[in-house]
Amino acid sequence: MGGRSDFDVRFAELTLAASGQFDYSIVDVFSGNPDLATMNQLNIEPLHNDFGARVTGTAFSGDMSDTDVALIRDAIDTYSLLCFPDQDMTDEKQLAFTRLLGEPEAEHVTFGSTGKVTYFGTVGNVQDDGSKRGNAHASTHYQTGNQLWHSDSSFREIPSFVSILHAYEVPGEGGATAFASMRAGYARLADDMRETIEPLHVIHDYVFSRSQVARVDPNHAASLPPVMHRLVRENPANGLKNYYVGSHARSIPGWSGIDSRRLLDDLLKRATQPQDIYAHHWQVGDTVIWDNRCMLHRGTDYDADRWRRRMRQTRVVGHEKGVIHGSATR
Ligand SMILES: [Fe+2]
């Protein structure tokens, strides 16, 4: 009667084991409240030792229960990456759900280039009119910048909290999204390395990163000046720390370029070894949410001449504000 086996709603408690590896232990978050438990059928199944969960038992909309939204928020804090299969999604439902998690973020390419606010980015090679762009198209090439490990919007004054990506059309081969955790990377650092990086800041710069693969529109570039963030960030809900790197991370203020690159490349490498990665192979109907505060991700290649890929993305504005680099001295 009322035992734990009756409860479908589960919550994973993330603990840092003495080994420095993350260890998930599943505990019943509603063990003291059977009413809540019977209202919810969220099932959470971990995907990787360091992060990630597959979640079933809920459907995205703007009418989700407060309890489901609270559970999803908790699961974001705990797992950093949530995969919801078989969602009957529309743009309207996605934006309504996005608003339940916070303020939608204006998509920066359209806003920076034209000044128009839209909350969706289309990922892939299918346009709004249904036409497909191939490998040779400039926009396909531009999106190859997303194949570098990065955290979405880390180059913004207020970076993203989460990204929400829904798959409408997926390639038959390729086009997976790979994820890795900077929280797990931080947990694996030796104490002296943690002490070294604790006081540092890092400059994230979109033009620095994207210009490695394509020309950035001048208006767009002007809208995104380099921004300085703390290199070590902490999740306020659970106190777990991570470092904050990726392709947009350009340099460490006060350090030489070469020393900056050595450190930032080293931290990136420490988080993205093969055993640290979960690659999500998309199915139509998947909705995936990831925590940009502590996660890295990268798209993987697919043949845009052969396949159609259409995914719609929204993002939620975060809470931690950086400093526009150089603004204090102007
Ligand atoms: Fe991304």
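Calculation criteria
- Residues numbered from 1 in each chain as written.
- Predicted model: local features only at pLDDT ≥ 70, side-chain atom pairs only at ≥ 80, totals over all residues.
- Heavy atoms only, no water.
- Phe/Tyr/Trp six-rings, centres within 6.5 Å; stacked < 30°, edge-to-face > 60°.
- Helix = DSSP H or I, 4+ residues; strand = E, 2+ residues; numbered from the N terminus.
- Buried < 20%, exposed > 50% of the residue type's maximum accessible area, 1.4 Å probe, protein only.
- Lys NZ or Arg CZ within 6 Å of the ring centre and 35° of its normal.
- Pairing = 2+ DSSP bridges.
- Axes fitted to C-alpha atoms, helices over the stretch in contact; angles between N-to-C directions.

## Side note on the packing of aromatic side chains
Summed over the entire model, instances satisfying the criterion amount to four aromatic pairs. Ring plane angle 70° and centroid distance 4.7 Å describe the contact between phenylalanine 60 and phenylalanine 84, whose orientation is recorded as edge-to-face. Remark: phenylalanine 84 occurs in strand S5 (residues 81-84) and phenylalanine 60 occurs in the loop between strand S4 (53-56) and helix H2 (66-79); sequence separation between them is 24 residues. Residue classification places phenylalanine 84 among the buried residues on the basis of a relative accessible area of 1%. Members of the aromatic cluster, connected to one another through ring pairs, are Phe60, Phe84 and Phe97. Of note, arginine 310 hangs over the ring of tyrosine 168, and the distance from its end group to the ring centre comes to 4.9 Å.

## Looking at the sheet that holds strand S8 (residues 177-181)
Read from one edge to the other, the open sheet built from three strands follows the order S14-S8-S16, with strand pairing classed as antiparallel. Each end of this open sheet is capped by a strand with a single partner; those strands are strand S14 (278-280) and strand S16 (295-299). Neighbouring strand axes in the sheet, compared pairwise and without regard to direction, differ in orientation by 25° on average. Here S8 pairs with S16 via five bridges, running antiparallel. Looking across to S16, one finds that threonine 177 is bridged to glycine 299.

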